[in-house]
Amino acid sequence: VMGVMQRVPRVLEWRGELKMISPSRWTSLVQCTAKGWADMLILDGRLPESLPSRGTLVGRFHHRLMEIAATVSSATELEAQTEDEIRLLQHEVAKYPHLRRAGSASGWREINISASLAMRMFETRDQISGEGVLRVERELKSRDGHLVGRPDLFRIHGTGATVREYKTG
């Protein structure tokens, strides 16, 4: 079965200049210069959309669980929200034949590891970070404004901060 041919749009204009950079933009620039600049280009159409990969969906799921684990008030609430997130993931997986072949998302090893890590993070979050203001997925900027990022979790305490970035690997 042949897919629909998608047209790659032409660049009409370059919008602005790169005044700040995030770790993810840096990674994109290293992988492919055009990918790193894509959001600064005016195009004559949309870029072709790629199918979501298992890794992409697992990464989104993992980040969502870490955010939930940082903000819920009980283990029961975390378990319920984890089940909801797995249902949402399964609904997304069901849309794509290449992902359906991998079986039920609830049986994916990476999903179960993320669920276990979320529970462990919930159980130890106060010991790890201590007292202070807890923030999840908020944009931070360096004082000069050139470096920006969205850590998964950070807690401000006294004159310092604890920053956490969770990875699925």
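Anyway, here's the lowdown on the structure attached to this text. (Residues numbered from 1 in each chain as written. Predicted model: local features only at pLDDT ≥ 70, side-chain atom pairs only at ≥ 80, totals over all residues. Heavy atoms only, no water.)

Things to note about the overall build of the protein chain
Then, in step 1: Along its length, the protein chain carries six helices and seven strands.
Then, in step 2: Along the protein chain, helices and strands appear, N-terminal first, in the series β-α-α-β-α-α-α-α-β-β-β-β-β.
Then, in step 3: Residues classed as buried in the protein chain amount to 30% of the 169 residues present.
Then, in step 4: Partitioning the contacts of the protein chain with sequence separation of at least 6, the portion at a separation of at least 24 is 60%.
Then, in step 5: A total of about 11,500 Å² of accessible surface is found on the protein chain, and carbon and sulfur atoms cover 55% of it. (Helix = DSSP H or I, 4+ residues; strand = E, 2+ residues; numbered from the N terminus. Buried < 20%, exposed > 50% of the residue type's maximum accessible area, 1.4 Å probe, protein only. Contact = heavy atoms within 4.5 Å. Areas by Shrake-Rupley, 256 points an atom, 1.4 Å probe, with all protein chains shown as cover.)

Quick look at the packing of aromatic side chains
Then, in step 1: Inspection of the entire model under this criterion finds zero aromatic pairs.
Then, in step 2: Across the ring face of Trp108, the terminal group of Arg54 is positioned such that the distance to the ring centre comes to 4.3 Å. (Phe/Tyr/Trp six-rings, centres within 6.5 Å; stacked < 30°, edge-to-face > 60°. Lys NZ or Arg CZ within 6 Å of the ring centre and 35° of its normal.)

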